[in-house]
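# Chains, contacts and geometry: an overview
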Amino acid sequence: MTEPSGETAPEAPEDVAPTEDVQEDVRQGAAEPEEPASAEEPATGEEPPPAEEPTTAQEPAAAEESDEPAATAAAGESEEPDVADASRESADADPADTADTRPTDTEPAEPAEPASEASEEPGADGDAAAKASDTPELSDAQAELAAQRELRARIEARKAEKEGPLASGAKLSGTAADLLAAVRAVEGGAASGSAFYEAPEPAPRRPTPEAAPAMTVRPPVPAQASAPAPGTTAAVREVLAKGGAPEALAGQVAATLGEGAAQALLDDPWQLLAVPGVRPEQADGFARALLGAACGPDDPRRTVALTVWLLERAALQGHTALEIDTVRAGLAGHAVPDPGSAVEEAVSAGAVLVFQEEETAEEEPEQDEEAPEAAEAAPEEPASPVLLGLDRYALAEESLADGLARLVKTATADTWEGSELERAAGAHGLVLHTGGEASRAEPVALAAAARERGLRTLVAVHADGGRRALGPAGADAVTVAALLSGAAGPGRDEEGAFALDLLVVLDAPQLDVETAAMLVESLPDGCRLVLGGDPAVLGAPGAGQVFGDVLAARVCPRIASRVPDPGPLGELVSGIGAGELNQVEAPGKEIVIVPVRDAGEAVHRTVQLVADSVPRAIGVPAEQTQVVTVGHGGSAGTRALNAALKQRLNPGPGRFGGYDPGDRVAYAPAPGRTVTGTVLSADAEGLRLRCGDEELLVPKERVESALRHGWALTAHQAAGLRWPAVVVVLPGDAAGGLSRAWVYTAFGRAERHLSVVHGVDQALPRAVAEGVAPERTTRLRPLLEALLAVPEE
């Protein structure tokens, strides 16, 4: 989660790609030490530690989950993952960080210590029911209790059939009890987890999937969240003051919880955990201040909120679901007495969903009657794990899988002459294209050929910089964000579909599952979709791994480019993708290694390279040179480097919210998207930027949360962009944050020159050879395999 401090979103949960497994993160729970952030520089997110304490910050902050090295805490700064999606928790997003959002000016005081003892809740259900049974005329409440009593008897009968009793089920009835029983059935293998979210026999999405339907329901274009009413914010401020929480959080709380935020907090103080940056310890202290002894660590409101919070944190690291045992371990780390019952409570409340993908039925081989022992000795395949997830990601993955299957089944096969990619696109509705930077020319050429055939065709990229990298062909390209918002592209018809026959999406690895679902659902039946990108780069800053899951599912043609990236830089990056850090001849100083001994020297040499050495020796001016580092914190993170670079390249008092005209900045207009630009001026409306050929206005209320200096970025923020010269900074404390994908992405941002400020010794070649990023837990692959299973050849 993000911290309600002032650090902006340019950091990403993405950097949402985790550098450590989320399972280890949730097992640590709240046991990890915390370091409060100062008012001048808020604490940011070190990849996997628990959520940070809300603090105020002069510089917008957004913790980058996967880019933040594990060793940054040792450098004197504790990092915390930030919230990745404004739609998820707040309208504020960390600029460069794709999925990161930050509250603006909040400096929450640390709430009281979490409750350590549970107190019994007054009023027993059983006593009330017993009294009701003695009453000759039943009131509505008593009748309900009597009905509950009867239902509980039926539940107990069902539980008696199982080996162990279900302790938490004694207080539930009706649908809630059925859900709890279903959890047990899933865990015991007696039922599929789909029972939690599907009807027994769901109606098919389209009765005739092979033909295009007459009408298709399309999702509306997402609208910007409206600001909370002043009365709502004032009421929330009073409740926060009563609970000892910082009143500066009122705007965040009102925006997150909606019009009834004040009453929601009074009824359930742990709703505060839904606000970006609030930690369980802080929510516990707030709850104790409001409820006193009436709450404890096993309070159902607390356990439900903690379960959701753990899954939200996992989403920042790219997971759309978690194994049930991982969630239980995370709850135990936060002093929940009975994690198993807590999970069941969250499921029965509808806060989380349970999944268990059904195994594909396989014909059993004929057995020799004379060798029964051999048949018995055959090992059984392990059952697929039981997963827990939030409905927003579950619905997105299911919608995306349905949408991709629809495109595959409604496309009309045609014979196109030309390259292998063109022939595949003509014959299929969904095609994947893989390759490095140079290979991007192939899908662009496909789009041009399709236009000549009279097809309505569009090329979409991840960021504006990706359009410029396409050269003249980029003039007609649009960003995915602009296409979905309606700011660019062909527009939508009366059904909400794009007027397209072919959509080519470059930088597809940067698509998170929610964005991909919106994009695919907006395509008309029969439209062809080509997803292109480099599978070796860092993944999407949001939840999901769409490109990797579709590749792994093997449900459509996959065309691998044979076009190599040119020159010494191409040779170096290609070797890294294969797990080898080769020594490459660079006669034109395309690659320069600058060894350093400590972080202070790393900052000094980086400033020297950007301001002097690269312009003088390579001919690339400072404004075209980008610094890329592992994380936001630490003595050589983005904050430290940006401060040093500003002092050298554009010194000033920061009179516009910490910024001066001429400052390079990273702005997050939407979660998961980073725009780099330069400050032009400021006025009563906000800060005005020049980003490429466009001028943008950052509203003054979003300057602190959505903007940060941009001379130095993380690799996740830089993904999808390229610069003539790049300086990659690897201080000694960054070793823990390195992986092959990180090195591949960072080194691949350079077009003409790469300088590596090297202070990690053998950690760099070791990361290239062995540093495979942790797998994300997602459901898209099995969903696609079930819908588009292709017999093996």
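Rules of the game
Residues numbered from 1 in each chain as written. Predicted model: local features only at pLDDT ≥ 70, side-chain atom pairs only at ≥ 80, totals over all residues. Heavy atoms only, no water. Helix = DSSP H or I, 4+ residues; strand = E, 2+ residues; numbered from the N terminus. Buried < 20%, exposed > 50% of the residue type's maximum accessible area, 1.4 Å probe, protein only. Contact = heavy atoms within 4.5 Å. Areas by Shrake-Rupley, 256 points an atom, 1.4 Å probe, with all protein chains shown as cover. Salt bridge = Lys/Arg side-chain N within 4 Å of Asp/Glu carboxyl O. Axes fitted to C-alpha atoms, helices over the stretch in contact; angles between N-to-C directions. Left-handed = near helix turned anticlockwise from the far one by under 90°. Nonpolar A, V, L, I, M, F, W, Y, C, P; charged D, E, K, R; others polar. Core = buried A, V, L, I, M, F, W, Y, C linked by side-chain atoms within 4.5 Å. Expected span 1.5 Å × (residues − 1). Phe/Tyr/Trp six-rings, centres within 6.5 Å; stacked < 30°, edge-to-face > 60°. Lys NZ or Arg CZ within 6 Å of the ring centre and 35° of its normal. Polar contact = N/O pair within 3.5 Å; in protein donor to acceptor, adjacent residues only side chain to side chain. pLDDT = per-residue confidence, 0-100. Pairing = 2+ DSSP bridges. Parallel < 35°, antiparallel > 145°, perpendicular 65-115°, else oblique.

## A look at the overall build of the chain
Tallying secondary structure elements over the chain gives 27 helices and 19 strands in all. Here the chain holds 793 residues, and the buried ones make up 55% of them. Sequence separation of at least 24 residues holds for 75% of the intrachain contacts in the chain that already meet a minimum separation of 6. Carbon and sulfur atoms provide 51% of the accessible area of the chain, an area that totals close to 33,100 Å².

## Details of the pattern of salt bridges
Applying the stated criterion across every chain, the model contains 20 salt bridges. The salt bridge involving Arg-749 is made with Glu-437; its shortest N-O contact spans 3.6 Å. With Arg-749 in the loop between helix H25 (740-747) and strand E19 (750-758) and Glu-437 in the loop between strand E4 (430-434) and helix H15 (441-452), the pair connects residues that are 312 residues apart, well separated along the chain. Classification of Glu-437 by relative accessible area gives partly exposed; the value is 24%. Shared partners join several salt bridges into a network, and the residues in it are Lys-646, Arg-655, Asp-660 and Asp-663.

## What about the packing of helix H13 (residues 391-410) against helix H27 (residues 780-787)?
For any two helices packed against each other, one specifies the crossing angle of their axes together with the interaxial distance. Contact geometry of H13 with H27 gives a least axis separation of 9 Å together with a crossing angle of 35°. Where H13 crosses over H27, the two elements pack in a sense that is right-handed. Along the contact surface, H13 presents Glu-397, Glu-398, Leu-400, Ala-401, Asp-402, Leu-404, Ala-405 and Lys-409, while H27 presents Leu-780, Leu-783, Leu-784 and Leu-787. Split by residue class, the contact of H13 with H27 holds 8 nonpolar, no polar and 4 charged.

## Section: the nonpolar core
Side chains of nonpolar character tend, in soluble globular proteins, to be buried together. Grouped together as the largest cluster of nonpolar side chains are 85 residues, with contacts concentrated most on Leu-240, Leu-503 and Leu-529. Looking at this core, the element that brings in the most residues is helix H9 (residues 300-316), giving 8 residues. Setting aside anything within four residues of it in sequence, one finds Leu-503 in contact with Leu-458, Ala-460, Leu-483, Leu-519, Leu-523, Cys-527, Arg-528, Leu-529 and Val-530. Among the nonpolar cores identified, the runner-up in size contains 36 residues, and Leu-713, Leu-721, Val-743 and Phe-747 belong to it.

## Regarding helix H5 (residues 230-242)
Taking 1.5 Å per residue, 13 residues should reach 18 Å; H5 reaches 19 Å between its end C-alpha atoms and fits that length. If you follow the buried residues of H5, they end up packed against helix H6 (250-257), helix H7 (261-267) and helix H8 (280-291). Note on H5: the residue one or two positions beyond its end, Gly-244, has a positive phi of about 80°.

## A word on the packing of aromatic side chains
Each pair of aromatic rings is reported with the distance of its centres and the angle of its planes. Applying the stated rule across the entire model yields 0 aromatic pairs. One Lys or Arg, Arg-655, reaches over the ring of Phe-656 and ends 5.1 Å from the middle of that ring. Looking at Arg-779, its charged tip hangs above the ring of Phe-355, at a distance of 3.8 Å from the centre.

## A closer look at the side chain of His-433
Along the chain, His-433 falls in strand E4. The exposure class assigned to His-433 is buried, which follows from its relative accessible area of 2%. Polar side-chain contacts of His-433 include one of 2.5 Å to the side chain of Glu-442. Setting aside anything within four residues of it in sequence, one finds His-433 in contact with Leu-421, Ser-439, Glu-442, Pro-443, Leu-531, Gly-532, Gly-533, Phe-547, Ile-559 and Ser-561.

## A look at the environment of Glu-785
Secondary-structure assignment places Glu-785 in helix H27. Its relative accessible area of 31% is what places Glu-785 among the partly exposed residues. For Glu-785 and Val-555, which are 230 residues apart along the polypeptide, the C-alpha to C-alpha distance reads 6.9 Å.

## Remarks on the confidence of the model for the chain
Looking at the chain as a whole, the pLDDT averages 76, with 67% of positions reaching at least 70. For the stretch residues 1-136, pLDDT sits under 50, and the model shows 588 contacts to residues farther than four places along the chain or on other chains. Confidence drops under pLDDT 50 across residues 162-173; counting only partners more than four residues distant or on other chains, this segment forms 23 contacts.

## Some thoughts on the sheet that holds strand E17 (residues 712-714)
What holds strands together in a sheet is hydrogen bonding between their backbones, with the strands either parallel or antiparallel. On the basis of which strands lie adjacent, the open sheet formed by 5 strands has the order E10-E19-E18-E11-E17 and parallel pairing. Only two strands of the sheet have a single neighbouring strand rather than two, namely strand E10 (591-595) and E17. Each neighbouring strand pair of the sheet contributes to a mean axis angle of 25°, computed without reference to strand direction. The strands that helix H21 (residues 599-618) touches are E10, strand E11 (625-629), strand E18 (723-730) and E19; relative to E19, the one it contacts most, it runs at about 150°.

## A few points about the pairing of strand E13 (residues 673-682)
Where E13 lies against strand E14 (residues 686-691), 4 bridges are found, and the strand directions are antiparallel. The residue of E14 that forms the bridge with Ala-682 is Leu-687. Once E13 ends, the chain turns through 3 residues before running back antiparallel as E14.

## Some points on the sheet that holds strand E7 (residues 502-505)
With respect to topology, 6 strands assemble into an open sheet ordered E6-E5-E7-E8-E4-E9, the strand pairing being parallel. The open sheet is flanked by strand E6 (478-479) and strand E9 (558-560), the only strands paired with a single partner. As paired strands, strand E5 (residues 457-461) and E6 are joined by 2 bridges and run parallel to one another. Its bridge partner being in E6, Ala-460 is matched across the sheet by Val-478.

## What to know about H8
Between its first and last C-alpha, H8 extends 16 Å over 12 residues, near the 16 Å set by a 1.5 Å rise per residue. In terms of burial, H8 is largely enclosed, as 9 of its 12 residues are buried. Restricting attention to buried positions, one finds in H8 the residues Pro-280, Glu-281, Gln-282, Ala-283, Asp-284, Gly-285, Phe-286, Ala-287 and Leu-290. In the segment just after H8, Gly-292 is the residue with positive phi, at about 65°.

## A closer look at the pairing of E11
The buried fraction of E11 amounts to 5 of the 5 residues, a majority that puts the element mostly inside the structure. The two faces of E11 match: Thr-625, Val-627 and Thr-629 on one face and Gln-626 and Val-628 on the other face are all buried. Of the strand pairs in this sheet, E11 and E18 are connected by 5 bridges, and their pairing is parallel. Bridge pairing in E18 links Thr-625 to Ala-725.

## Overview of unusual backbone geometry
Trans peptide bonds make up most of the peptide bonds, and negative phi angles are found at most residues other than glycine. Of note in this structure, Arg-554 is not a glycine but carries a positive phi near 55°. You can see Arg-554 is positioned in the loop between helix H19 (546-553) and E9. Residue classification places Arg-554 among the exposed positions, given a relative accessible area of 54%. One non-glycine residue with positive phi stands out, namely Asp-761, at about 55°. Assignment of secondary structure puts Asp-761 in the loop between E19 and helix H26 (763-770).

## Focus on the packing of H25 against H26
Where H25 meets H26, the axes come as close as 7 Å, and the angle between the chain directions of the two elements is 110°. One finds that H25 runs roughly perpendicular with respect to H26. Taken together, the residues of H26 that come into contact with H25 (itself represented by Arg-740, Val-743 and Phe-747) are Leu-764, Ala-767, Val-768, Ala-769 and Glu-770. Partitioning the contact of H25 with H26 into residue classes produces 6 nonpolar, no polar and 2 charged.

## Focus on the environment of Leu-787
Take Leu-787: it is sitting in helix H27. Relative accessible area serves as the criterion here: at 33%, Leu-787 is assigned to the partly exposed category. For the pair formed by Leu-787 and Leu-404, sequence separation is 383 residues and the distance between their alpha carbons is 9.4 Å. Aside from chain neighbours lying at most four places away, what touches Leu-787 is Ala-401, Asp-402, Ala-405 and Lys-409.

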